[in-house]
Each structure stands twice: as structure tokens, then as C-alpha cells.
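# Examining the three-dimensional arrangement
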Amino acid sequence: MKKMLLMLALAASPLLMMAQFGAEPKDTSWKKIFRASSPRINDLVHTKLDVRFDYEKAWMYGKEWLTLSPHFYPTDSLTLDAKGMEIKEISVMKGSSKAPLKYSYDGYQLRITLDKTYKGGEKYTLYIDYISKPNEVKVKGSAAINDAKGLYFINPKGEDKDKPVQIWTQGETEANSVWMPTIDKPNQKTTDEIYMTVPAKYVTLSNGLLVSQKKNADGTRTDYWKMDLPHAPYLFFMGVGDYAVIKDSYKGKEVSYYVEKDQAPYARGVFGLTPEMIKFYSDKLGVEYPWAKYSQIVGRDYVSGAMENTTTTLHQEAAYQNSRQLTDGNSWETVIAHELFHHWFGDLVTAESWSHITVNESMADYSQTLWMEYKYGKDAGDAENQQGLNAYLSNPNESKKDLVRFRYADKEDVFDLVSYQKGGRVHHMLRNYVGDEAYFKSLNNYLSTNKFKPGEAGQMRLAFEEVTGQDMNWFWNQWFYGSGHPIVKIDYQYDDAAGKATVIIEQIQKTDKVFHLPLAIDVYSGANKKRYTVWVENKIDTFTFNYSKRPELINVDADKVMLWVKTDNKTTENYVYQYSNAPLYLDRKEALDFFAKKGMKELSMGLKDKYAPLRKLTLDKLAASKMSKEAAVLDAAENIVKTEKDKKTKAAAIDLLAKSGDAKYLDLYKKNVDDSSYSVSGSALQAMAKLDPASAYTLAKKYSKDAKGDLGDVVSDIIMSNGTESDFDYIADRFDEAPLSEAKLNMVETFSSYLEKVSSNVNVKKGIDMILKFRSAIPEQFKGFTDPIFKGALDKLGKAKDKEIADYISNGMK
């Protein structure tokens with residue numbers, strides 16, 4: 001599952017990041033509870049479902065044939081998860097006949113008395129007739145998934161003409177038991193068959209292959225989907241809707257994309273690298289993609305970022321991008337990679353319990369780095385890796401949590417920056433430590449040994465030990481079963497007379513824990529570079545290197561893989577040399593960050609960096625510095641606007657020029673305002689607005705019909721700031737339709753200020769209702785952060801309007 005967190009601009013509703021900064025629950029009794037794997041008394045063997053949907057009631061009528069067997073010990077009873085259902089019948093199958101069974105049901109679990117005692121491995125099949133009522137069950141979501149009712153009817157009565165009618169399911173963590181009785185635990189695996197009866201106009205999608213379709217006399221159609229390989233219950237999926245299906249292939253297997261019909265022209269632009277990704281991961285792991293097909297579907301109002309249902313990944317609608325958005329780069333590419341990689345780590349081998357979610361999510365998170373490195377080069381891979389590290393470090397509370405976590409308040413709590421971003425960075429270190437060949441051979445060993453079974457972190461350690469011949473307990477104990485990260489201070493001393501350079505590395509984290517860190521240190525002398533491999537093992541470690549000429553640079557953690565926070569006390573001369581001579585993305589970024597902090601002209605070196613995002617970073621830092629209006633900087637930025645191929649870098653150059661306020665660039669802005677890139681167009685329009693507000697407002701009105709991304713934000717801001725009463729419908733719709741996000745939160749004040757200019761109290765109240773609806777959509781745990789923003793904006797609006805509006809606001813805020 002791809003979480004929706006701030007650091008993942010790709011998928012994210014950034015508001016959800018706030019959950020990660022919350023305090024621990026006041027009830028700390030959970031700290032005494034060891035979260036063991038669920039006992040396997042009975043094992044799922046096969047699940048057969050026959051379902052049809054009631055769109056009026058948002059119910060699903062289900063019939064299930066569930067085959068199980070005792071895991072080892074004989075048993076005469078069975079407990080199934082079945083949340084919020086109406087149970088019609090439970091029987092055991094005796095050939096083609098049925099024998100009713102006794103059971104009790106508390107609304108969440110079925111406790112069934114079997115017809116006899118079954119021995120270990122002896123199969124039996126139950127028949128269950130039931131109704132799933134997902135909107136009536138009381139369940140709890142999380143920061144990763146903001147709801148957990150399993151089965152979702154989207155606009156089922158078609159009342160919203162701007163939204164399609166859809167059905168989709170979301171199982172992780174244990175929500176599929178809202179729509180099918182099962183043992184809803186990750187250490188269970190079952191094959192399945194699903195017969196789905198739907199209105200004939202709709203397309204269906206489920207796990208495995210579509211075996212047959214049968215038209216019914218009542219205008220419905222029954223689709224038969226079959227999954228021959230076992231997978232966990234939380235990975236079951238059903239999707240229904242009016243979709244276009246775009247088909248690719250990989251080695252004769254179907255690779256398909258289910259999108260709304262108006263998105264069909266762009267589907268390959270978003271998802272078209274999938275076959276290449278399948279080949280890359282299959283080759284890298286030495287394990288061929290194991291499933292019969294790979295489909296991806298986009299669901300409206302999806303409650304998370306994306307979900308790796310076996311053979312059938314579900315994405316939120318933010319995956320949709322048109323050709324202009326794709327000109328800026330596919331914002332969903334790493335999400336697509338992440339979910340695909342789960343088909344090895346998560347689907348083929350599944351975490352045996354939520355405590356071990358690292359073997360699913362840390363791997364999928366790191367797959368993003370692997371893909372970016374392969375497809376776009378080492379700089380891109382290192383940048384992706386650093387983004388993950390920065391995300392983890394952004395929340396100090398995360399350093400208190402183990403990667404493998406046997407104690408937590410709720411299973412949803414493990415879907416956080418530790419299980420994802422920290423875990424990904426742990427694997428980056430592990431890959432560097434054992435070497436590429438051993439790393440991927442060890443992953444192959446883990447997958448091959450545990451395929452179609454549950455797995456856990458200890459099994460992964462054993463796989464690495466078998467391949468490398470090394471005891472890896474020290475690494476697992478420190479990084480998987482431990483918490484935190486080192487915080488280090490690095491100092492350098494040179495004794496020219498003795499020809500000795502000393503590197504002092506001090507761990508200054510405020511804990512008693514001392515990390516053991518294998519490090520590469522590169523010493524640069526003239527044209528020569530010599531590498532030393534050392535171990536940091538104490539609170540303070542000192543390393544001494546001989547030299548005949550003082551080194552121009554000593555580069556600690558030369559491979560830039562350490563998961564740490566460092567204060568690296570290099571000199572300006574060191575960083576100047578490092579930028580030009582040390583080879584890696586982080587070598588150059590660290591130098592540019594240093595130059596920016598010191599306000600040094602050397603920052604401009606980054607304008608010619610080989611990697612476009614570093615050129616953009618340089619422009620952003622120059623724009624924020626005192627150098628932003630220097631002639632040389634402006635000339636360089638102007639040249640970038642005229643010659644740069646990377647659209648986001650070009651947009652950043654326009655932003656820098658705009659800060660100058662110089663009208664001589666107006667023609668340049670006008671030339672770029674119609675650029676195919678929303679980023680470039682948005683930056684150019686925003687720059688125009690400072691010099692020629694009237695023309696910018698006219699253009700904003702013109703572009704309002706095709707304004708997404710950065711251009712959409714600029715158009716909305718210009719029209720809200722300069723708009724009249726006649727713009728109300730556009731502005732209100734733009735605000736109301738914006739997704740739950742940090743960007744929408746930033747719009748509250750601007751939208752509220754626009755409402756001050758609206759004379760119609762009817763429209764003002766409509767706008768207030770939209771603001772209050774947004775406020776109510778934010779989960780309670782975030783409102784301590786967001787409510788002051790709403791209150792400040794609405795209080796200001798109330799003071800600017802009459803008593804009727806002030807009272808309306810007051811009543812709405814209660």
C-alpha cells in the first residue's frame with residue numbers, strides 16, 4: 001500500500017502527514033501487549049464467491065463456499081471474521097447437499113461448531129449465505145487508510161452527474177472481511193473464484209484471470225474470475241465501473257489499465273512503463289513475475305494512495321494526468337513501481353503479521369530507488385533515496401519506533417515513516433554493505449524459499465546469511481529490531497609536519513545507544529583518490545591517514561548511504577573541491593546547500609549541473625538569496641528559460657526572474673505562458689501578474705477551462721484575488737473540488753478573502769458551507785493543527801460582512 005504522506009508529493013494528501021506528529025495514545029496499556037502472529041488453527045484453502053450488488057441500498061448479496069483444513073491439531077470449531085453482516089445460513093457441504101451448522105455471531109466474528117472433529121490437513125467446505133452492509137459496519141481507519149469498510153459504493157444511485165458509478169474494495173489491513181467471511185489475517189493464503197453479477201454496461205475486475213462472461217435475461221452479466229495461486233485475504237479485490245481497458249503485454253501475459261473513458265488517451269502516458277518495470281524487477285530479483293496477469297485500475301474517492309491487490313492494483317484518482325501534466329514528468333511513476341514490486345514482496349511472500357510489515361513496505365519503498373536508478377541514472381536513484389531519508393527524519397517521534405514492532409496500540413499504526421521510508425534506507429545501507437550481487441541473490445533466496453507463504457524479518461536475515469556466509473544478527477538487531485539513528489559530528493585535523501590527517505566522528509544522539517557503522521572514507525590528493533573502509537563502533541572514533549601533501553578533501557561516507565544526521569565540519573575549500581570532483585548526487589547537493597547557507601557565489605556552479613533537479617534546486621536557492629537580483633544570476637536564469645529542456649527547471653528560472661520585478665522580462669513571460677507544461681505556464685502567468693495584473697486576469701479566465709497543477713493553482717489564486725461576483729461559480733467549484741491536501745488548506749484564506757467581495761449572501765453562505773465541509777472532512781486528530789486556519793479566515797470574513805453572515809459562521813463553527 002502506498003501511503004498518502006507529505007513527503008510523497010506523488011500520492012499524497014499531505015494533511016495525513018500530521019498524524020505522524022501526534023502524541024502517543026493516552027492509554028499506554030498497549031505497551032504491555034506482545035503482538036504475535038495470529039495462531040493458525042484452521043487454514044484457508046480455497047474461497048469461492050458468488051456476489052451481486054444492490055446499488056440502492058449499497059449492499060452486497062453473497063454466497064460463499066469456503067474450503068479449509070485444520071493446520072495441525074484436530075479441531076471441531078472455526079472462527080471467521082465477518083464484520084457487520086446479516087448471516088442467512090451456514091452449512092457444511094456433504095457432496096452436493098448441505099448440513100446446517102450451529103454458530104454464534106457478535107457482528108464481527110462467526111464462531112462455528114463444525115459437524116465433527118477434523119484432523120490436521122483434512123479438508124472441509126462451508127457454505128455461507130450472507131448480506132454485506134459496508135455502510136452500516138462500525139470500523140476504524142488510519143493515517144494510511146482513512147476508512148476501513150472494505151467495500152465501497154461510489155455514487156451508487158448516480159445522483160452526482162459529475163462522478164461515475166463505481167464499486168471497489170480495499171482489504172488492507174483486515175477489511176475484506178466486511179464483504180466476505182474469512183480468516184482475515186496476513187499469514188493465511190487461499191486460491192479463489194469470484195462470480196460477479198453486475199449491470200451489463202459495466203466492466204469488472206478481480207484477481208487472476210477472467211474465465212467467462214454470461215449475459216442474464218434481467219440486463220445483468222455474470223463475470224467469472226479465477227485465481228489459481230494462493231494469496232492473502234487482504235489482497236482480494238473486486239472493481240466495477242464504466243471503464244475503458246487499455247491493454248499491453250509482458251511475455252504473453254496481459255498488462256492492462258482500467259481508466260475512465262475520458263482518460264483513455266493518457267493511460268499509456270501514465271502506466272505505459274509497466275511492462276518494462278516487470279522485466280526490470282523480474283531480472284533484478286531473478287524471480288520471474290509469478291502471476292497470470294497484471295492490471296491497474298483507478299478508483300474514485302479511494303481511501304489511500306494505491307494498493308497492491310494481487311494481479312490488480314488499485315490507484316487513487318490522482319494517478320490521472322493529461323498530456324500537459326505528463327510533460328512535467330509522471331508524478332505517479334514511483335507509486336506504480338512501488339505497487340508492482342509488492343507482487344514479489346507482499347503478495348508472493350507476505351508479512352506473517354503486521355509487526356513484520358517491513359518485509360512488505362520497506363522493500364516496496366526501496367523499489368522506487370531501484371527503478372529510478374535503473375531508468376534515469378544514479379543521480380535520480382540517489383535523489384529518490386534522499387527524499388525518503390528526509391521524510392523519515394522530518395518527524396523526530398519516529399526515531400522511538402523499532403522497524404519490526406511487536407508492540408503497538410493498533411495494527412494501523414505500523415503504516416508509518418519507519419516501516420516505509422526508514423526501512424527503505426536500511427535496505428540501501430544493507431545493499432551497499434554486502435554488495436549488489438549478494439544483495440539481489442539474497443532477495444532471490446528469500447523469495448524462492450518462502451514463495452506463496454508468509455515471511456518475516458528473521459527469515460530475510462537467514463536468506464542473507466546463507467548467501468553471504470556472514471552472521472548478520474548485528475545488522476538486524478541494530479536496524480530491524482532497534483530504533484533510532486545516529487546523529488554524528490565529523491571534525492578534521494591536519495598535522496602537515498607529521499603528514500597525518502585525523503578524522504574524528506562523534507555520535508551525539510541523546511540516547512545510550514551506540515551504532516556500529518561500516519564506512520567508506522575517500523581521501524583526495526591531487527588527481528588521486530584512495531578509499532579506506534573503517535568501522536565506527538564507539539561514541540567517539542578517531543581515524544588517522546598519512547599524507548605527503550595535505551588532502552584537498554576527505555569524504556566520509558563516500559558512498560553516501562548512511563542513515564544518519566550529520567554535522568560535517570568541512571571547509572569552504574573542501575566543499576568547492578567536493579562539488580567538482582566527488583561523483584555523487586549527494587556530494588554535489590551537500591556542497592550547494594553549504595554555498596547557499598553561506599550566501600556564496602559558488603552556488604551558481606549548480607546552474608550547470610548535469611542533473612536537472614540540482615539545477616532547479618540551485619535556482620530555488622538563488623531566488624531565496626541576496627544574489628537573486630545580481631546581473632550575472634539574472635542573465636544565467638534568462639538563458640536557462642531560453643534553452644532548458646527540463647520543464648520544472650525552466651519554471652524555476654522564470655520564478656527567479658519574476659522576483660526581480662523587471663519589466664524587461666515581460667515579453668519572455670508572454671512567450672512562455674502558452675507552454676505545454678503547466679509548471680512553465682503557471683510560472684509565466686504568475687510572473688505576468690506582478691507586471692500586468694489586468695492581462696494576467698484575462699489570461700487566467702481564458703485558461704480556467706484547462707488549468708491543472710501549478711497553472712491551476714496560479715489561475716485560482718489570480719481569479720480569487722482579482723475576481724468579481726461573476727467568477728463565483730468557477731472559484732467555488734475550484735475550491736470545492738480540490739482534493740483533501742495541504743494545497744487546499746492554503747486556499748482557505750484566499751477563498752475566504754474572495755468571499756468578502758461577494759455581495760450575494762446566498763453565494764457567501766455557499767462558500768462558507770464549502771469551507772466548513774472541508775473542515776469537517778479533516779479527521780479529528782488533525783484539527784488541532786487545522787482549526788486555527790479555518791477560524792482565522794472565517795473570523796475575518798465575519799467581521800467584513802453583516803450580522804447575518806457573522807451569525808452563520810458562528811453557528812457553523814460550533
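The structure reproduced in this document is the subject of the present report. (Residues numbered from 1 in each chain as written. Predicted model: local features only at pLDDT ≥ 70, side-chain atom pairs only at ≥ 80, totals over all residues. Heavy atoms only, no water.)

## Structural notes on the overall build of the protein
Formally: Numbering goes from the N terminus for both helices and strands, where a helix is a DSSP run of H or I of at least four residues and a strand is a run of E of at least two. Within these notes, the globule rule equals 2.2 Å times the number of residues to the 0.38 power, and the radius of gyration is based on C-alpha atoms. Accessibility here uses a 1.4 Å probe with only protein chains present; expressed as a share of the type maximum, an area under 20% marks a residue as buried, one over 50% as exposed, and anything in between as partly exposed. By definition, residues are in contact when any of their heavy atoms lie within 4.5 Å. To be clear on the numbers: accessible area is Shrake-Rupley with a 1.4 Å probe, and residue cover counts the displayed protein chains and nothing else. Positive charges come from Lys and Arg, negative ones from Asp and Glu, while His and the chain ends are left out of the count. Think of each charge as sitting on NZ of Lys, CZ of Arg, CG of Asp or CD of Glu.
For the protein, the count of helices and strands is 24 helices and 29 strands. Radius of gyration (C-alpha) of the protein: 29 Å, near the 28 Å computed for a compact globule of 814 residues. By its C-alpha atoms, the protein is 90 × 75 × 55 Å across when sized along the principal axes. The burial tally for the protein puts 57% of its 814 residues in the buried class. Of the contacts formed within the protein by residues at least 6 apart in sequence, a portion of 67% connects residues at least 24 apart. Accessible surface, the protein: about 33,300 Å² in total, of which carbon and sulfur atoms supply 50%. The averaged location of the 112 negative side-chain charges in the protein is 0 Å from the averaged location of its 111 positive side-chain charges.

## Some remarks on the environment of Asp609
Stated formally: Residues adjacent in sequence count toward polar contacts only when both atoms are side-chain atoms; beyond that, a polar contact is any pair of N or O atoms within 3.5 Å, and within protein one must be able to donate a hydrogen and the other to accept it.
With respect to the helices and strands, the residue Asp609 is situated in the loop between α12 (585–598) and α13 (612–623). C-alpha separation for the pair Asp609 and Thr75, spaced 534 residues apart in sequence, amounts to 68 Å. Ignoring any residue separated from it by four or fewer positions in sequence, one finds Asp609 in contact with Tyr579, Arg588, Leu614 and Arg615. Polar side-chain contacts of Asp609 include one of 2.8 Å to the side chain of Arg588.

## Overview of the nonpolar core
Here is the rule: Among buried residues, the Ala, Val, Leu, Ile, Met, Phe, Trp, Tyr and Cys ones that are joined through side-chain atoms within 4.5 Å form a nonpolar core.
In this structure, Phe53, Trp344, Phe345, Leu685 and Phe751 are the most contacted members of the largest nonpolar core, which totals 230 residues. Considering every element that reaches this core, the biggest residue donor is helix α15 (residues 647–660), with 7 residues. Excluding anything up to four places from it in sequence, Phe345 contacts Leu285, Val359, Asn360, Met363, Leu443, Tyr446, Leu447 and Met460.

## Let's talk about the packing of aromatic side chains
Stated precisely, the cut-off is as follows: Any two rings among Phe, Tyr and Trp, with Trp reduced to its six-membered ring, count as a pair given centres within 6.5 Å; such a pair is stacked if its planes are under 30 degrees apart, edge-to-face if over 60, and tilted if neither. Charge-over-ring contacts are defined here by two conditions on Lys NZ or Arg CZ: a distance within 6 Å of the ring centre and an angle within 35 degrees of the ring normal.
All told, the structure shown has 48 aromatic pairs when counted by the stated rule. When the ring of Phe72 is compared with that of Tyr73, the centres are 4.9 Å apart and the planes differ by 85 degrees; the resulting orientation is edge-to-face. As far as the burial class goes, Phe72 and Tyr73 line up, both exposed. Relative to Tyr281, the ring of Phe280 has its centre 5.2 Å away and its plane inclined at 50 degrees; by these criteria the two rings are tilted. Side by side, Phe280 and Tyr281 carry an identical accessibility label, which is buried. Aromatic ring contacts, followed pair by pair, group Phe280, Tyr281, Tyr289, Tyr294, Phe341, Trp344, Phe345, Trp371, Tyr374 and Tyr446 into a single cluster. Cation over ring: Lys48 sits above Trp65, and NZ or CZ is 5.1 Å from the ring centre. One Lys or Arg, Lys744, reaches over the ring of Phe735 and ends 5.0 Å from the middle of that ring.

## So, the pairing of strand β1 (residues 42–54)
Threshold: Each pair of strands is called paired provided DSSP finds at least two bridges between the two strands.
Summarising the sheet, β1 and strand β2 (residues 59–70) pair through 12 bridges and their orientation is antiparallel. Pairing of Asp43 across the sheet is with Ser69, part of β2. Linking β1 back to β2 in an antiparallel pair, the connection comprises 4 residues, with Ala58 at a positive phi of about 60 degrees. Bridge count between β1 and strand β11 (residues 190–199): 7 bridges; the pairing is parallel. Bridge pairing in β11 places Leu49 opposite Ile194.

## Details of helix α11 (residues 572–581)
Structural remark: α-helix, 3.6 residues per turn; residues separated by three or four positions point the same way. Inspection of α11 places Asn574, Tyr575, Tyr577, Gln578 and Tyr579 among the buried residues, and these make up the whole buried set. Taken together, the buried residues of α11 touch β25 (517–525), β28 (553–556), β29 (565–568) and α12.

## Let's talk about the side chain of Glu590
Mapped onto the fold, Glu590 is located in helix α12. Since its relative accessible area comes to 16%, Glu590 is described here as buried. At 3.0 Å, the side chain of Glu590 forms a polar contact with the side chain of Lys566. With residues up to four places along the chain from it excluded, the contact list for Glu590 reads Lys560, Lys566, Lys570, Tyr575 and Gln578.

## Things to note about the side chain of Gln507
Tracing the backbone shows Gln507 in strand β24 (residues 500–507). At 2.9 Å, the side chain of Gln507 and the backbone oxygen of Phe515 are in polar contact. Apart from the residues lying within four places of it in its own chain, the contact partners of Gln507 are Pro486, Ile487, Val488, Lys513, Val514, Phe515, Val536, Asn538 and Lys539.

## Structural notes on helix α19 (residues 709–722)
Our working rule: Here the expected length of a helix is defined as 1.5 Å per residue gap, with one fewer gap than residues.
With 14 residues, α19 extends 20 Å between its outermost C-alpha atoms, agreeing within 8% with the 20 Å of an ideal straight helix rising 1.5 Å per residue. Regarding α19, the residues found buried are Leu711, Gly712, Val714, Val715, Ser716, Ile718, Ile719 and Met720. Where the residues of α19 are buried, they touch α3 (323–327), α17 (678–691), α18 (693–703), α20 (728–737) and α21 (742–755).

## What to know about the pattern of salt bridges
Pairing is possible between side chains of opposite charge, provided their charged atoms come close. Under the convention used in this document: Salt bridge, as used here: a side-chain nitrogen of Lys or Arg that lies within 4 Å of a carboxyl oxygen of Asp or Glu.
Applying the stated rule across the entire model yields 56 salt bridges. With its nearest N and O atoms 3.9 Å apart, the salt bridge here joins Glu506 to Lys489. Taken together, the residues span a long stretch of sequence, with Glu506 in strand β24 and Lys489 in strand β23 (residues 487–495) at a distance of 17 residues. Take Glu506: its relative accessible area is 25%, and that puts it in the partly exposed class. Using a relative accessible area of 29% as the deciding quantity, one classes Lys489 as partly exposed. Residue Asp522 is joined to Lys529 by a salt bridge in which the shortest nitrogen-to-oxygen separation is 3.8 Å. Residue classification places Asp522 among the buried residues on the basis of a relative accessible area of 2%. Residue Lys529 is classed as partly exposed on the basis of its relative accessible area, which comes to 46%. In the salt-bridge network here, residues are joined through shared partners; they are Glu398, Lys401, Arg405 and Asp416.

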